[in-house]
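# Summary of the model geometry
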Amino acid sequence: MLYTAAHAQVPAGADQVHGKVVGTQTPPDPLVGVSVQVKGTDRGTVTDPNGHYEIKAGRGDTLVFSYVGYDAGEVAVQTNPEINMTMKTATSGLNEVVVVGYGTQKRMNVTGAISSISGDELQSSPAPNITNNLSGRLPGVIAVNPNGRPGEGSNFTIRGMGSLNDNSPLVVVDGVVRSDFSQIDPAEIASITILKDASAAVYGARAANGVFLITTKHGKTGSPEITYRADFGFQEPTLYPKVMSAYQYAKTHNDALINQGYDPSNPSQAPQFYTEKQLDDYRSGRDGSDWYALTFKNRSFVTHHNLTLSGGSQHIRYFASAGFVDQDGMYSGINFKRYNFRSNIDADISKNLTVTLQLDGRQEKSASPGYDANYIFFITKVQDPTRKAFNNDGTPRNTTGAHPWAMVHQSGYIQNTDNLFNGTLSFRQKLPFITQGLVLGGTASWHKEYDFDKKFFTPYTMYDEDESGNIIGTKVVDAPTYLNETYQQLYNSTFNLSLEYTGSFGKSNITGLLLAEQSDGGGDNLNGSKADFPSNIKDQLFASGSENQTISGYGILTDARQSIVGRFNYDYARKYLFEVAFRYDGSYKFPKGRRFGFFPDISAGWNISEEPFIRDNPGLAFISNLKLRASQGLLGNDRVSPFQYEELYTLQSGAGPVFGGVPQINAYYGVFPNPDITWEKTSISDIGLDGTLWDGQLGFEFDYFYKHTYDILWSQVRSVPSTFGRTLPSVNYAQMNDKGFELSLSHVHRIGKLQYQLKGMVSYAINKVVQIDDPPGAPDYVKQLGKPVGFRSGYKALGIFQTDEEAQQWYDGKEFGETAMAGDIRYEDVDGDGAITSNDQIVLSKNNGTPKIIFGLNIGASWKNFNLNMLIQGATMSNLMLTGRGRVMFSNSYFNTFTYLLDYWSKDNPDAKYPLSWVNSRSVNDRDSDIWLKKNGYGRLKSVELGYTFKGARLKDLGIDNLKVYLSGYNLLTVSQLKIFDPEAESGEGEYYPQQRMFNAGLNLSF
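Residues numbered from 1 in each chain as written. Predicted model: local features only at pLDDT ≥ 70, side-chain atom pairs only at ≥ 80, totals over all residues. Heavy atoms only, no water.

## Quick notes on the overall build of the protein chain
- For the protein chain, the count of helices and strands is 9 helices and 53 strands.
- The C-alpha atoms of the protein chain give 33 Å as radius of gyration, which agrees with the globular expectation for 1007 residues (30 Å, within 12%).
- Dimensions along the principal axes, computed over C-alpha positions, put the protein chain at roughly 110 × 70 × 70 Å.
- Split into buried and exposed, the 1007 residues of the protein chain put 51% on the buried side.
- Look at the contacts in the protein chain between residues 6 or more apart in sequence, and 70% of them connect residues 24 or more apart.
- Distance between charge centroids for the protein chain: 6 Å, based on 91 positive and 105 negative side chains. (Helix = DSSP H or I, 4+ residues; strand = E, 2+ residues; numbered from the N terminus. Rg over C-alpha atoms; globule rule 2.2 N^0.38 Å. Buried < 20%, exposed > 50% of the residue type's maximum accessible area, 1.4 Å probe, protein only. Contact = heavy atoms within 4.5 Å. Lys, Arg positive; Asp, Glu negative; His and termini not counted. Charge placed at Lys NZ, Arg CZ, Asp CG, Glu CD.)

In structure tokens, the structure reads:
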């Protein structure tokens, strides 16, 4: 940071100081929008399009210059009214403060594998659920967005799968463990950091799957600033296959019957076939129904609004936020609403005491018809398209089964309301009277949650009418009317007390932390239902009779633990870095004597660029920063059912002995207890190399990791005979390994008024089970040992038989005991026993629905008042197995299916992808094989934002500091190996709520 000053006297009192701020380019370009603040006051301004600024300041004041992508700096005002500033491009944020477990560190001093992202970056995507914005931005995060229901987010792991059980990362919001962060308003978030290696050890028995650290925004000293952001958009499915039309359905059904030996010229079999007239009516649209178009909307509305207030004086700083999301769905009645509120206040009570109060509340409201979304998609998909949907008077026509339109519009409703409140009070008391750098800290946090779920289900009626419109019959579906209400309250409290020390001794710098923490949580659940309603007019429990009613309830224990945390950091001359940390953690889930464990972490770093042989070498001047780091630690995972060390019993009414003619309650043994149960343990090693070159124009981060997880809780049922009389408990015996790497590259540059940045990343993680209870003598395709979790087994297909003669020559014309025929799948005799049997299965793929590689490319650019942000994200080494109705035509004799199965074998289509058409399942072809296994690697244009910022005196006159308008989109374009479903589809049957593409327009207004 360089500055120059003109030779002129400034009075001792406040006066105007002015100057120009430029970058280090040759020739230097003015920097627009640089924040210039008088330190310790609320006086501030920003530079204009020519880099000029003016601010009221006096001798003795300090000006603070800050700008995104540049090193911040301070300049004391002396005797010169003109202060010009040259700002240096930040060296990949080396002085940036990043959040770590129970504290912060400068990035240059970090020795662990940590990735972070700012909240502002996340807001460039219009997706209201923040978990949908992480994939491709944070190295190490492997995310899958399985469906597009309103309000739904992504499932993610950090560095893949390290356990046979729950692989979910731990979530910590503002220093306190929370269950989820997906519904936090993105405008409230300052940063998200992930701990990927042994640096997570400070979270002990819950850290093995990595940790998400979410930090919300706080106020800064300065004038009050009000910001309003509004987004308006619509969404539509990214890709969902079409179902067969009435004509396609009828023609294919006829072909299937012929394949099964039926003859349309046989009078007794002819009624099963569709006639030529019917086919012509279906083809012309005179008859039949498009159930998908009748049930679902082409587009649905979504909007997101947020209002923030921030600022502060020298002693009190504040940030407040209120947000609202309204997201409709693909059919009538489905909706998600969210209301967010947050208030963060920091107060300097004295020179040495700071108190922080953080309050946040949220209400989430989900609504849908009386049926689940997946069931609605299932019924819509399989509905017979040759049937008319409505009678002439508009009433639902009797389909003899279900009616998708009526399911959406006449089945009642499901409403889920979640109300959450979090309050955290913390303090930091400096103790200079003992020694400089010593700080006493503490936190008290409370969480309260009230959930109310209500389902009022009303049966719907379909009608049969004659040609005159007279009702001649009805069918009532899913009677009777019933009401179910569930109320649940949950609470959690966390208290900790800490002692921190920071000090320097010559070139040696040390920091230390010792913290004690205790948390507990629980709740209550009450459920009641009634089904004796005389009418559907009143949706309340009192409106029903006394018959067909149930009530149940239970208490919940969600958490109880005590912990001691310690960390010690040392660095010498900013070159040699060392950290040791631990957590002594106790969990209620395990028996006395086995509840506490010790989880240590040790890491080291070497800032090679600080060595004289690089720093003082002109030939290596392009190396701005180069750091080697390594870590090793032990982490735990206690995400298993509690109390498995206790005898458990199941109570069943009316199943016990009879007294007085009344059957009594009977008690049954539950899971066999395991008194030695404890947590899973993960030994994790990491080595990394970070660097920036040419003053930050090129940056890179590389990590290689290896995780060995042992004492995995897993049931030994695979080798125990089924005659064993009780359910076996989980036992700490299984083991698996997980390894991989992460690489990120960044480039920042400025060409005239064009500034751009590129950041690419790739994450790779693969696992292998190295100890498990495989059944003795089991074939290889069954055994888990030596294979990754979720590997695919099935049959090797060698094509499709083209003639009956060809089929008869293949192992005597038999496959799985059935007579093979033309159009059937030809399978390989893997075991060489001369027959096609279930023993011919093999491991088809070591991949599954969770990708092993995630990649992303972030592109950002600004030119004058325009800005562009773009994320290209993708995944590979994953697949989807088509199953059930995703590969079977006409299941249940009449179910419809997708049009991609129209590429079925026939004499006219010998090169078809799929076997011959058939009514119901043909077991020869309805088996997992590589014909049905589809790779689903993909690349997406995940998000785009193009904006324009208005600035100028006219806005200032209106009291507006900043006005930005923008267009944005989400999931705009997808290129995938899977051509029939969205590549992240959660179901191989296709009966799921499809992922959504979003188009959005918005504005951001600051006062």
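## Overview of the UniProt feature "domain: TonB-dependent receptor plug" (unreviewed entry) in the protein chain
- Feature annotation in UniProt places "domain: TonB-dependent receptor plug" (unreviewed entry) on residues 107–211, given in this structure's numbering.
- Counting secondary structure, residues 107–211 comes out at 4% helix and 27% strand; the distance between its end C-alpha atoms is 18 Å. (UniProt positions renumbered as here; feature names shortened; annotations may be inferred.)

## Here we look at the sheet that holds strand S3 (residues 35–38)
- If you walk across this open sheet you meet the 4 strands as S4-S3-S6-S7, and the pairing is antiparallel. Strands with a single pairing partner mark the edges of an open sheet, and in this sheet they are strand S4 (44–46) and strand S7 (73–76). Ignoring strand direction, the axes of neighbouring strands in this sheet form an average angle of 20°.
- Pairing of strand S6 (residues 62–66) with S7 involves 4 bridges; the strand directions are antiparallel. Along S7, the bridge assignment pairs Leu 63 with Val 75. (Pairing = 2+ DSSP bridges. Axes fitted to C-alpha atoms, helices over the stretch in contact; angles between N-to-C directions.)

## Overview of the nonpolar core
- Among the nonpolar cores identified, the biggest contains 63 residues, and Tyr 331, Tyr 460, Tyr 900, Trp 932 and Phe 981 are the most heavily contacted of them.
- Secondary-structure elements contributing two or more residues to this core are helix H2 (246–259), helix H3 (276–284), helix H5 (373–382), helix H6 (404–409), strand S25 (460–465), strand S45 (825–827) and strand S49 (879–881).
- Looking at this core, the element that brings in the most residues is H5, giving 6 residues.
- The contacts of Tyr 900, once residues within four sequence positions are left out, are Pro 241, Leu 882, Gly 886, Tyr 914, Ile 980 and Phe 981.
- Core analysis: the next-biggest nonpolar cluster, separate from the first, contains 24 residues, Val 100, Val 202, Ala 581 and Leu 635 among them. (Core = buried A, V, L, I, M, F, W, Y, C linked by side-chain atoms within 4.5 Å.)

## Remarks on unusual backbone geometry
- The amide bond that connects Ala 479 to the next residue, Pro 480, takes the cis arrangement and shows omega of 5°.
- You can see Pro 480 is positioned in the loop between strand S26 (471–477) and strand S27 (482–505).
- Look at Arg 574: it is not a glycine, yet its phi comes out positive at around 60°.
- On the secondary structure map, Arg 574 appears in the loop between strand S29 (549–572) and strand S30 (576–587).
- Arg 574 gets classed as partly exposed once you look at its relative accessible area, which sits at 38%.

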